[in-house]
Amino acid sequence: MGHLGNMKEEYRDLLSRLDAGSVTFPEPEAPAARAAWRELLEIYYTPEDAKLACCIPARPSRLDQIARRTDLPLTALEARLDGMCDKGLVMDLVHPMTGEVRYYLAPPVVGFFEFSMMRTHQDYPKQRLAELLDAYAHQDRTFADEVFGGETVVGRALVREELLGEEDLPEVLDWQRATTIISEARTVGVGICYCRHLAEHLDRACDAPQEICLSLDAGADFMIRRDCARPIERSEALEMLDAARQAKLVQIADNVRKRPAYICNCCGCCCGQLQGINEFDLPAVNPSGFVPQVEDQICRGCSRCSRSCPITAISMVARRVEGRLANELRPVIDLERCIGCGVCAQECRKRALRMVQRSEPAYVPANVVERVARMAIERGRLAQLIYETGAGRSTRFMNNLLQVLTNLPVANRVLASEQVRSRFLRFALGIIKDPTA
Ligand code: SF4
Ligand code: SF4
Ligand code: SF4
């Protein structure tokens, strides 16, 4: 970060604190993106907000735990945090049974970028925000590399279940089915699609539905409480899933197996995640466990599938087809690029594309702690994450984190131990035998 010298200390500290999150807010190189980054920082955070944000540990924390790091009385602190929750800078997570509140500093994505544009109140200058967010994300690839540049990313594609053959259905796990995820959710909220809303401010939104971003459980509780979503019945959410499929949208969920916080319904033109693939050639979405397979004899070479793929993973190639005299066009699928959404198979009127199991399915983290830990390790920030949790060795968060770290493949464990100079952690990871030696 070469241009921080003339920045207020509160903002420098804030950027360093955000470095402990799953996604940071890096300074870009290109002047237009850098100017946008700086203005965004000041629109989102007052210097006072920035100072308070630095006191919030990286794990979800109670009011009294945060209070120990500030000089504010509890009631004043609560009011300040409440204001930051309204701005989408902090998430207040309320336990559904006990009512205990824990505060969590929101990263830029999925976080204050989205919340600020989805909130129905006009408390942000949304037109200006849209221009700045667009410049920050697209005038330079720094932010795209940050979000999508590691093996672990924030979203995973869901296959269209109705396209799977009878023989595949028993193999489809509950966390791979959008309908099961919705049916098992305690709370569902629907909000305005951040990406298309942003594109609308820039006069380039497509005509896909906007009120279709589904948040679930704790994510939905927060979104509803903070006017970023409205509560809906599960049956209405299932109808929305169906409408999204009819509109040829790609369903992308939180990249975890347990309790995903959202299901997005995304278009190839406006969606920030799909743009990560289309614009920056990054593996921005974790693929579903399925890929399309072409039935050469049924295919008529019409190219509908190729035109419908939201990430241009299908090329039409002239080739010899068994039993035909002349070369014919057939789709060739780039399996490295394909995210297994099934839009192409849905669009094929001849039913010549079948969604089949991917031979080596991509790994999906079990839960948010694992996703955050993997992202931190891959981006070289594990030490920052552990330091900013403010947690002792025996807290539940550290126990969860250690459990995740010890179950990582050896290469990741070595990477983790290189980032954290802790004999205790290296011992826990099995890198050294004696923590006291
Ligand atoms: S990720 Fe998809 S559904 Fe979510 S806000 Fe973006 S385009 Fe909309
Ligand atoms: S849409 Fe179907 S018939 Fe047309 S090229 Fe694709 S696979 Fe073949
Ligand atoms: S090839 Fe088909 S399944 Fe793969 S990303 Fe494109 S539309 Fe989705």
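Here's what I pulled together on the structure shown here. (Residues numbered from 1 in each chain as written. Chains lettered and ligands numbered in written order. Predicted model: local features only at pLDDT ≥ 70, side-chain atom pairs only at ≥ 80, totals over all residues. Heavy atoms only, no water.)

This brings us to the overall build of the chain. What the chain contains, in helices and strands, is 20 helices and 13 strands. Relative to its length of 437 residues, the chain is compact, with a C-alpha radius of gyration of 23 Å against a globular reference of 22 Å. If one aligns the C-alpha atoms of the chain with their principal axes, the spans along those axes are about 80 × 55 × 45 Å. When each of the 437 residues of the chain is scored for burial, the buried share is 53%. Total accessible area on the chain is roughly 19,800 Å²; 50% of this is exposed by carbon and sulfur atoms. Of the side chains in the chain, 56 bear a positive and 60 a negative charge, and the two mean positions are spaced by 3 Å. (Helix = DSSP H or I, 4+ residues; strand = E, 2+ residues; numbered from the N terminus. Rg over C-alpha atoms; globule rule 2.2 N^0.38 Å. Buried < 20%, exposed > 50% of the residue type's maximum accessible area, 1.4 Å probe, protein only. Areas by Shrake-Rupley, 256 points an atom, 1.4 Å probe, with all protein chains shown as cover. Lys, Arg positive; Asp, Glu negative; His and termini not counted. Charge placed at Lys NZ, Arg CZ, Asp CG, Glu CD.)

Attention now moves to the pattern of salt bridges. Summed over all chains, the structure comprises 32 salt bridges. Linking arginine 381 and glutamate 146 is a salt bridge whose minimum nitrogen-to-oxygen distance equals 3.1 Å. Separated by 235 residues along the polypeptide, arginine 381 in the loop between helix 16 (368-378) and helix 17 (382-389) and glutamate 146 in helix 8 (residues 142-148) bring together distant segments of the chain. The pair formed by arginine 381 and glutamate 146 is uniform in burial state, with each residue classed as buried. Between arginine 330 and glutamate 328 there is a salt bridge whose closest N-O contact spans 2.8 Å. What emerges from the salt-bridge pattern is a single network uniting Asp82, Asp86, Asp92, Arg119, Asp123, Arg225 and Arg226. (Salt bridge = Lys/Arg side-chain N within 4 Å of Asp/Glu carboxyl O.)

Before going further, it helps to examine the nonpolar core. Nonpolar side chains in soluble globular proteins tend to end up buried together. Ranked by internal contacts, the top residues of the largest apolar core, which has 100 residues, are Phe25, Tyr44, Tyr45, Phe113, Leu133, Leu274 and Ile339. Of the residues that make up this core, three or more belong to each of domain 1 (9-147) and domain 2 (290-357). In contact with tyrosine 45, not counting residues within four places along its chain, are Tyr11, Leu14, Leu18, Ala50, Ala53, Met84, Leu89, Leu105 and Phe112. Listed in part, the 16 residues of the second largest apolar core include Ala20, Val372, Ala376 and Leu385. (Core = buried A, V, L, I, M, F, W, Y, C linked by side-chain atoms within 4.5 Å. Domains from an automatic or database assignment. Contact = heavy atoms within 4.5 Å.)

Looking now at the site of ligand 3. The local shell around ligand 3 consists of Pro292, Cys309, Pro310, Ile311, Ile314, Cys338, Ile339, Gly340, Cys341, Gly342, Val343 and Cys344. Across the shell around ligand 3, the residue classes break down as 10 nonpolar, two polar and no charged. (Near = heavy atom within 4 Å. Nonpolar A, V, L, I, M, F, W, Y, C, P; charged D, E, K, R; others polar.)

Time to look at the site of ligand 2. Close contacts around ligand 2 come from 13 residues, with Cys299, Cys302, Ser303, Cys305 and Cys348 the closest. Split into classes, the residues belonging to the shell around ligand 2 amount to eight nonpolar, two polar and three charged.

Packing of helix 7 (residues 126-138) against helix 10 (residues 194-201) brings their axes to within 9 Å, and their N-to-C directions diverge by 105°. When the axes of helix 7 and helix 10 are compared, the pair comes out roughly perpendicular. Contacts between helix 7 and helix 10 involve Lys126, Gln127, Ala130, Leu133 and Asp134 from the former and Tyr194, His197, Leu198 and His201 from the latter. When grouped by side-chain class, the residues that make up the contact of helix 7 with helix 10 number four nonpolar, three polar and two charged. (Axes fitted to C-alpha atoms, helices over the stretch in contact; angles between N-to-C directions. Parallel < 35°, antiparallel > 145°, perpendicular 65-115°, else oblique.)

This brings us to the side chain of aspartate 92. Here aspartate 92 shows up in strand 1 (residues 90-94). Overall, the relative accessible area of 6% leaves aspartate 92 in the buried class. Looking at aspartate 92, its side chain comes within polar contact range of the side chain of arginine 226, at 2.6 Å. (Polar contact = N/O pair within 3.5 Å; in protein donor to acceptor, adjacent residues only side chain to side chain.)

In short, the description is geometric, and any link to function would need to be established separately.
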